[in-house]
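So you can see what is in the structure, the chains are spelled out below.
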Amino acid sequence: MISLKGVNKHFGDYHALRNINLEIPARQVVVLLGPSGSGKSTLCRTINRLETIDEGEIRINGELLPEEGKELAKLRAEVGMVFQQFNLFSHMTILDNVTLAPMKVRGQSKEAARKRAMELLERVGIAQQAEKYPAQLSGGQQQRVAIARALAMDPKVMLFDEPTSALDPEMINEVLEVMDDLAREGMTMVCVTHEMGFARKAADRILFMADGEIVEDRTPEEFFTNPESDRAKDFLGKILGH
């Protein structure tokens, strides 16, 4: 479903991604872990070309990721993305936030878009908030709207870039539960997160990154119980306190 070959990315002199080769089959949940500045978010953002790459190729479902224009917009519609910040339109109701892209990009009728939006808001547990505005919702609720909005495009892949890092602790679980449900339903997912419990429970694979490289690519069980590299051992020691 997602294929990266020989991907390199620089920010000036800084080599942010170093020769990344990665294959992610459909229905797999991949969690990217690693210290700050290791390239996790950059890697996540290259998959729908929010970050351009200097070398290599990226394919989604066999199709080469285009550089720009209509073809890129078309392929981007297959890749949902949820960020740290919710990026909702503050002047629009929750329902209108979720129906906007399906109507504009997919050409859905207002009726069809609203019906689907309400199903998705129900699924993420906030259907009763449909007529409210983002400012009237908690951070956790806004992030669940952002997930519903991404799902409204019926994407083949979902990318999550630290979706809980801006939330208060008591709101984190409500977002992770929605992500966990998606994982169980077979959505192909790439998640950058610091939530180790989620990584351990929901991931099929853990990719541990350091200095722009994938240092380990293992199952959660293998990674958490027996990390191979010193970098991973050091990282887990700091995070888990042992």
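Residues numbered from 1 in each chain as written. Predicted model: local features only at pLDDT ≥ 70, side-chain atom pairs only at ≥ 80, totals over all residues. Heavy atoms only, no water.

Going by what an unreviewed UniProt entry lists, the chain is known as ABC-type polar-amino-acid transporter and is assigned to Corynebacterium gerontici. For the chain, the Sequence similarities (unreviewed entry) comment in UniProt is given as "Belongs to the ABC transporter superfamily." UniProt, in its Catalytic activity (unreviewed entry) section for the chain, records the words "a polar amino acid(out) + ATP + H2O = a polar amino acid(in) + ADP + phosphate + H(+)". (UniProt positions renumbered as here; feature names shortened; annotations may be inferred.)

A few words on the environment of Gly-140. Mapping Gly-140 onto the fold places it in helix α5 (residues 139–151). The residues touching Gly-140, leaving out its near neighbours within four places in the chain, are Leu-167, Met-171, Glu-174 and Val-175. (Helix = DSSP H or I, 4+ residues; strand = E, 2+ residues; numbered from the N terminus. Contact = heavy atoms within 4.5 Å.)

In this section: the pattern of salt bridges. Tallied over the full model, the rule gives 21 salt bridges. The closest approach of N and O atoms between Arg-106 and Glu-78, which form a salt bridge, is 3.9 Å. On the criterion of sequence distance, the pair formed by Arg-106 in the loop between α3 (94–104) and α4 (110–123) and Glu-78 in the loop between α2 (69–76) and β6 (79–82) is long-range, its members being 28 residues apart. For Arg-106, a relative accessible area of 35% corresponds to the partly exposed category. (Salt bridge = Lys/Arg side-chain N within 4 Å of Asp/Glu carboxyl O. Buried < 20%, exposed > 50% of the residue type's maximum accessible area, 1.4 Å probe, protein only.)

Moving on: the state of the cysteines. As enumerated under the stated definition, the model contains zero disulfides in all. Free of any disulfide, Cys-44 has its nearest cysteine sulfur in Cys-191, 7.9 Å distant. Residue classification places Cys-44 among the buried residues on the basis of a relative accessible area of 0%. (Disulfide = S-S within 2.5 Å.)

Most of strand β8 (residues 188–192) sits inside the fold, with five of its five residues counted as buried. Here β8 shows no split at all, with Thr-188, Val-190 and Val-192 on one side and Met-189 and Cys-191 on the other all buried. Sheet analysis places strand β3 (residues 29–33) next to β8, joined by four bridges and oriented parallel. Each residue of the ladder has a partner; that of Val-29, found in β8, is Met-189. Here five bridges tie strand β7 (residues 157–161) to β8, and the two strands are oriented parallel to one another. Residue Met-158 lies in a different strand from β8, and its bridge partner there is Met-189. (Pairing = 2+ DSSP bridges.)

Once that is clear, we can look at α3. Of the residues making up α3, those classed as buried are Ile-94, Leu-95, Asn-97, Val-98, Thr-99 and Pro-102. Residues of α3 that are buried make contact with α4 and α5.

Consider a sheet: its strands pair through backbone hydrogen bonds, and that pairing is either parallel or antiparallel. The six strands lie next to each other as β6-β7-β8-β3-β9-β10, forming an open sheet whose pairing is mixed. With partners counted over all chains shown, the strands left at the sheet margins are β6 and β10 (213–218), one partner each. The sheet shows a mean angle of 20° between the axes of neighbouring strands, taken without regard to direction. The pairing of strand β9 (residues 205–210) with β10 spans five bridges and is classified as antiparallel. Residue pairing for β10: Ala-210 is matched across the bridge by Glu-213. Relative to the sheet, helix α6 (residues 169–184) contacts β3, β7 and β8, its axis offset from that of β8 by approximately 145°. (Axes fitted to C-alpha atoms, helices over the stretch in contact; angles between N-to-C directions.)

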